[in-house]
Amino acid sequence: MSHEISEHDVIVIGAGGAGLRAAIAAAELSPKLSIAVVSKVYPMRSHTVSAEGGAAAVTREYDNLDAHARDTIFGADFLADQDAVEAFVAEAPHELIQLEHWGCPWSRDADGRISVRSFGGMSVKRTLFAADKTGFHMLHALFQTSLKYDHIVRYDECFVTSLLVEDGRARGITNVNLYTGEVMVLAANAIVLCTGGGGRVFPFTTNAAIKTGDGMALAYRAGVPLKDMEFVQYHPTGLPGTGILITEASRSEGGWLKNKDGHRYLQDYGLGPPTDTPTQRKMELGPRDILSRCHMQEYQKGHTFEGPHGHYVHLDLRHLGQELIDRKLPFVRELVRNYVGIDPVYEPIPVRPVVHYMMGGVHTDMDGKTPLEGLYAAGETACVSINGANRLGSNSLTECLVFGARAGRNAAEYASGMGTPTSNPLAALARDEQHRLDSQFFKKEGGSERIAAIRTEMQHAMEEGAGIYRDASSMGATCEKLRELRERFSRIRLEDSSEVFNTERISALELDFMLDVADTIANGALLRKESRGSHTRTDFPSRDDENFLKHTLAYRTDEGPRLDYAPVKITRWQPEERKY
Ligand SMILES: Cc1cc2nc3c(=O)[nH]c(=O)nc-3n(C[C@H](O)[C@H](O)[C@H](O)COP(=O)(O)OP(=O)(O)OC[C@H]3O[C@@H](n4cnc5c(N)ncnc54)[C@H](O)[C@@H]3O)c2cc1C
């Protein structure tokens, strides 16, 4: 079967915050470049749209870049690369102001200045927001800006299945057009992965169903290492059952966490005293990893409620009053009414920790460049790394802008120096990929394993062995289980052979990616014999800078991930104990 090959200069995979920002940066570099944006969903459905709380940057006179850098590095438990963090905080203010010029309606104070709110782990108020629908407004501003460039060509609802690597360079991609079922080939001199995170490898998550770590697995299979995958962030306040996020903004506006006795339990874990409105980095505004662990300890002490979806505590907003809730947290009220059936103006909200964000991802440098020539990555799928072992809330929307722009610009510069891509060698690679897709998925005969069963078992194994608390035996069992699931996956049974919007095929392809991602998380965690940031081991409870102040790099082999390590870049902040 021969494929028609569409040629571009740059391909951006993903149309969320990072992807659209990368595409605009590439488009701005030169009107002569053709830039393809490929997304498995319509751009406005990317997960960025659901971000609620806000985006951090230094915009006030009481604040400064060093303070933002220090909070980020400290929050990251010193695993962040400090040169990347310094670039990040320096470029953040310009990116957020520019976004307003592109149409993002930041909330404002009475005196006309852009408002800022507190966020967990930040030492001062520096998080900009558009009520509690920040991601929606940001993505809209980016999307409408991208529309003004005719040389950005979109491939919406196209699912990328592989990166085509030729002669040690990323040269193109294959993707399934979901509307027709056809496999298409795109060629380019540079490719930017902006495919977001992979929270769906866990059972309880705030992440949309599309967050299946595809880009991480694509890069991994193309020989690029995944960095620091063992660091997975739990958000302390998700709704039990659905995992829907109740934004940190609800605590920043003054919400309280209470156990089943009505006690604000965080004061018992060194985060007190319990002031009425939680102050910076104290009580309810402590960092996410610590708050999630406090929840688990309350559970172990029998202080949590028990419901149909397991243990939970209360997030109480009642004392804030209806006026403030409607003005600052309207979406929280809407979500809780629709999905829990109660009104947070009158009743406390049931919450539990849920998987929220992946600190790890595709290994890149500060320019978004991966070790594979011609391949770049940015946003949640990448690991630069500014988030280290624990991301601070509201840093990642900004990260999408700063590093999306850097990756897009650098990819475009690289591509423009390369001349027209030659597509000939890609034809053979595309045929191989078509063969793989046909034999493993599209025209697969027989098989008895169900995708839903394998996915559920994978998610539960991840929660068991790679959840908030970890130890060698549970992680070892999870690694073993993942090997078994990978083997069973080769015997999956697919029943829908239609070509138009075949969601069964896509679920199978996504599960294939997730099994790779899960494997790097569990194996990375097993070998990191310390506790740092989100990675808490009951058998190694302390941080061990002597042996583990280093990044994990996972390389794909047929026998599972091979792990290597790389140094952390320290510039001005020497590691110290992380106390709040
Ligand atoms: C509920 C929620 C609330 C959040 N709130 C905040 C907040 O207030 N502040 C903050 O800083 N961060 C927040 N975050 C985190 C932040 O929103 C994300 O990290 C960030 O938006 C990720 O953006 P992205 O561009 O990297 O990926 P996404 O927005 O997830 O976009 C990924 C893109 O990749 C495409 N894609 C993926 N796989 C494929 C494939 N195989 N083929 C083709 N296309 C593909 C998708 O179609 C999509 O367009 C929140 C996250 C969640 C889940």
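Residues numbered from 1 in each chain as written. Predicted model: local features only at pLDDT ≥ 70, side-chain atom pairs only at ≥ 80, totals over all residues. Heavy atoms only, no water.

Novice: Quick question: what am I supposed to make of the domain arrangement of the protein chain here?
Specialist: A common way to state how big an interface is: give the accessible area lost once the parts meet. Taken domain by domain, the protein chain comprises domain 1 (5-233 + 356-428), domain 2 (236-354) and domain 3 (446-567). On a C-alpha basis, the centres of domain 1 and domain 3 stand 23 Å from each other. Taken together, the 43 residues of domain 1 in the interface contact 43 residues of domain 3. Around 3,700 Å² of area is buried between domain 1 and domain 3 when both sides are counted, 63% of it from carbon and sulfur atoms. (Domains from an automatic or database assignment. Contact = heavy atoms within 4.5 Å. Buried area = accessible area lost by both parts, 1.4 Å probe.)

Novice: Looking at this structure, how should I read the sheet that holds strand S6 (residues 152-156)?
Specialist: The strands making up a sheet associate through backbone hydrogen bonding, with each pair oriented either parallel or antiparallel. Taken in spatial order, the 5 strands of this open sheet run S6-S3-S2-S10-S18, and their pairing is parallel. Single-partner strands in this sheet number two, and they are S6 and strand S18 (375-377). Going from strand to strand, the sheet's axes swing by 20° on average, the running direction of each strand aside. Relative to strand S3 (residues 35-39), strand S2 (residues 10-13) runs parallel, the two being bridged by 4 bridges. Residue pairing across strands places Val12 opposite Val37, the latter belonging to S3. (Pairing = 2+ DSSP bridges. Helix = DSSP H or I, 4+ residues; strand = E, 2+ residues; numbered from the N terminus. Axes fitted to C-alpha atoms, helices over the stretch in contact; angles between N-to-C directions.)

Novice: Just checking my understanding: could you explain the side chain of Asp63 for this structure?
Specialist: With respect to the secondary-structure elements, Asp63 resides in the loop between strand S4 (55-56) and helix H2 (65-75). Of note is the side chain of Asp63, whose polar atom sits 2.8 Å from the side chain of Arg126. Excluding residues within four positions of it along the chain, Asp63 makes contact with Val58, Val124 and Arg126. (Polar contact = N/O pair within 3.5 Å; in protein donor to acceptor, adjacent residues only side chain to side chain.)

Novice: What exactly am I supposed to notice about the pairing of strand S7 (residues 158-166) here?
Specialist: Here is the key point about a regular strand: its side chains alternate between the two faces of the sheet. Taken across its 9 residues, S7 has 7 buried, putting it largely inside the fold. Two elements, S7 and strand S8 (residues 169-177), share 8 bridges in a ladder whose sense is antiparallel. Looking at the pairing, Val160 lines up with Asn175 of S8. Taking the residues that link successive antiparallel strands as the turn, the S7-S8 hairpin has 2 residues, and the phi of Asp167 there is positive, at about 60°. (Buried < 20%, exposed > 50% of the residue type's maximum accessible area, 1.4 Å probe, protein only.)

Novice: Where do I start with unusual backbone geometry in this structure?
Specialist: For residues besides glycine, phi is generally negative; the peptide bonds are generally trans as well. Note the cis peptide between Gly272 and Pro273, where omega equals 0°. Summarising the element assignment, Pro273 is placed in the loop between strand S13 (256-258) and helix H7 (288-300). Geometrically, the link from Val384 to Ser385 is a cis peptide bond, its omega value of 10° lying close to zero. Tracing the backbone through its elements, the reader meets Ser385 in the loop between strand S19 (382-383) and helix H10 (395-416). Located in the positive-phi region is Asp77, a residue other than glycine, with phi close to 55°. With respect to the helices and strands, Asp77 occurs in the loop between H2 and helix H3 (82-101). Judged by relative accessible area, which is 7%, Asp77 ranks as buried.

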